[in-house]
Amino acid sequence: MGFKCGIIGLPNVGKSSLFNALVGLQKAASENYPFCTIEPNVGKVPIPDDRLIQLSKVNNSKSIINAQMEFVDIAGLVKGASKGEGLGNKFLSNIREVDAIAHVVRCFEDENVTHVHNAIDPEYDIEIIESELLLSDIERAENIIEKLNKLIKIGKNENKEERDLFLKVLDNLQSADTNALSNYSPEELQIINKNGILSFKPLMYVANLDEKSIKSGNIYNQKIKNLSKIKKIPLVNISAKIEEELSSIKDIKEKKELMKSMDIDQSGLDQFISSGFKLLNLVTFFTSGEKETKAWTLKKESYAPDAAGKIHTDFKKGFIAADVISCEKLLKLGGEKEAKLSGNIRTEGKEYIVQDGDVILFKFNV
Ligand SMILES: Nc1nc2c(ncn2[C@@H]2O[C@H](COP(=O)(O)OP(=O)(O)O)[C@@H](O)[C@H]2O)c(=O)[nH]1
Ligand SMILES: [Mg+2]
């Protein structure tokens, strides 16, 4: 199961600046993650979650451990990428490996930073990238259908269902109808994604604004806002350059002063991470005690033993039951002891589907 979000876009839009800001965060949190290594273009970052802090307070936990997800800085795509232009094939194949896509769009003016098409035009930029993904997908879908047809021809009729699925996919791609996502079942989407169709991956737009416009917005991000409404694609505003600069400052006081002088907060990065996490269609559950309060992530609709298995494979093998309470309720009651005393902790079995925000204590046999 993946937790990877790829950062894509045209060259010089701020992808690496945003990525460096994330890596800065990761470095700041590295004490918590002694085994976390990062490749040059892959960064693991903690997912911000207020519930962790609140839970740790009521349960007097000594430490807090956030869930994590990976971001990948994918090199810039250019017009013609689907035909191999500018190492397009390599970069497109990097995108096939991620579970969700953050598309960074340039919304800042700076005459020192060249724009590949010499003008800042978010709608056109988005169209370029999306049509390259689409063109590459059409070719891929055609190849898949051809392969499956060959198998069907020699009597392997079990491939018919998948062939028909990809005929439908091809039709949607050719009419650029990526809104057709809702026409597919989760199982079908899984097959489509496994086959590397990019246009059907969960997507968000990231408007990269200069620091002066981050609060008020500007004409460029307004255009993306309209587009995001029409296409029902989430949008996050960010100032990548500022976030990058801020994340390199270790001294907290100095950082706060700089932020104050620029009249900004650093919530853009948190919002970016949270939105990326939402795209992955996961739920968060917690384990919480005096030692630590920890967030774990799990695919939606997963059963309690799968959640146990996240912690340790033995927990899954020897699963007996799960003591469960929602985080919200636990906070209201004032802590684990109070929840127990008032009989508010439920015991759930193997068939229980874990809900977002569940606080769980597993019982198991080893
Ligand atoms: N003025 C300004 N420059 C930016 C901003 N974001 C990125 N840049 C600059 O644009 C250039 C390209 O940024 P980079 O992150 O490398 O873009 P990438 O090619 O998409 O990875 C660098 O010189 C950045 O400092 C911004 O918000 N404002
Ligand atoms: Mg870059």
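The structure we're discussing is the one just above.
Residues numbered from 1 in each chain as written. Chains lettered and ligands numbered in written order. Predicted model: local features only at pLDDT ≥ 70, side-chain atom pairs only at ≥ 80, totals over all residues. Heavy atoms only, no water.

**Regarding the overall build of the protein**
Quick note on the threshold: Counting from the N terminus, the helices are DSSP H or I runs at least four residues long and the strands are E runs at least two residues long. For the radius of gyration, the atom set is restricted to C-alpha positions; the globular benchmark scales as 2.2 Å times the number of residues to the power 0.38. The buried label goes to any residue with under 20% of its type's maximum accessible area, the exposed label to any with over 50%, and the partly exposed label to all in between, with areas taken from a 1.4 Å probe on protein chains only. Working rule for contacts: check all heavy atoms of both residues, and any pair within 4.5 Å makes them a contact. Only the protein chains shown count as cover for residues, and all accessible areas are computed by the Shrake-Rupley method using a 1.4 Å probe. Positive charges come from Lys and Arg alone, negative charges from Asp and Glu alone, with His and the N- and C-terminal ends not counted. For the purpose of locating charges, the reference atoms are NZ of Lys, CZ of Arg, CG of Asp and CD of Glu.
The helix and strand tally for the protein stands at 14 helices and 12 strands. The C-alpha radius of gyration computed for the protein amounts to 23 Å, which stays within 12% of the reference 21 Å derived for 366 residues, consistent with globular compactness. If you line up the protein on its principal axes, its C-alpha atoms span 70 × 65 × 35 Å. Per-residue burial over the protein gives 47% buried out of 366 residues. The long-range share in the protein, meaning contacts at least 24 apart out of those at least 6 apart in sequence, stands at 70%. As displayed, the protein offers around 19400 Å² of accessible surface, 50% of which is attributable to carbon and sulfur atoms. One finds the centroid of the 50 positive side-chain charges in the protein at a distance of 4 Å from the centroid of its 54 negative side-chain charges.

**Quick look at the sheet that holds strand β4 (residues 68–73)**
This is how the line gets drawn: Here, strands pair whenever DSSP counts at least two bridges between them. Axes, fitted as lines to C-alpha atoms, cover a helix only where it is in contact. Angles between the N-to-C directions of the axes lie from 0 to 180 degrees.
Taken together, 6 strands build an open sheet; the order of strands is β2-β4-β1-β5-β6-β7 and the sheet is mixed. The open sheet is flanked by β2 (42–46) and β7 (235–238), the only strands paired with a single partner. Here the average twist between neighbouring strands, direction ignored, is 25 degrees. Sheet strands in contact with helix α4 (residues 122–153) are β1 (4–8), β5 (100–107) and β6 (203–209), and its direction is about 150 degrees off that of β5.

**Section: the site of ligand 1**
What counts here: We call a residue near a molecule or strand when any one of its heavy atoms sits within 4 Å of it. We call two N or O atoms a polar contact when they sit within 3.5 Å, provided that within protein one can donate a hydrogen and the other can accept it, with sequence-adjacent residues counted only if both atoms are side-chain atoms. Each residue gets one of three labels, nonpolar for Ala, Val, Leu, Ile, Met, Phe, Trp, Tyr, Cys and Pro, charged for Asp, Glu, Lys and Arg, and polar for the others, Gly among them.
Around ligand 1, a shell composed of 14 residues is seen, among which Asn 12, Lys 15, Ser 16, Ser 17 and Asp 110 lie nearest. Contacts to ligand 1 include Gly 14, whose backbone N or O atom sits 3.0 Å from an oxygen atom. Between Ser 17 and ligand 1, the recorded distance is 2.6 Å, taken from a side-chain N or O atom to an oxygen atom. When isolated, ligand 1 has an accessible area of 580 Å², and the protein chains bury 77% of it. Those elements that place two or more of their residues in the shell around ligand 1 are α1 (15–28) and β6. If one sorts the elements of the shell around ligand 1 by residue count, α1 sits on top with 3 residues. In terms of residue class, the shell around ligand 1 is built from 6 nonpolar, 5 polar and 3 charged.

**A few points about the side chain of Asn 172**
Relative to the assigned elements, Asn 172 resides in helix α5 (residues 160–174). Setting aside residues up to four positions removed in sequence, Asn 172 forms contacts with Asp 177, Ala 180, Tyr 184 and Phe 200.

**Describing the environment of Asn 112**
Secondary-structure assignment places Asn 112 in the loop between β5 and α4. Note on Asn 112: relative accessible area 69%, which makes it exposed.

**Some remarks on the packing of aromatic side chains**
Cut-off, in case you're wondering: Working definition: rings of Phe, Tyr and Trp (its six-membered ring) pair if their centres are within 6.5 Å, and the pair is stacked with planes under 30 degrees apart, edge-to-face with planes over 60 apart, and tilted otherwise. We count a charge as sitting over a ring when the NZ of a lysine or the CZ of an arginine lies within 6 Å of the ring centre and within 35 degrees of the ring normal.
Considering all chains together, one arrives at 6 aromatic pairs under this definition. Taking the ring centre of Tyr 184 as reference, the NZ or CZ of Lys 168 above it sits at 4.5 Å.

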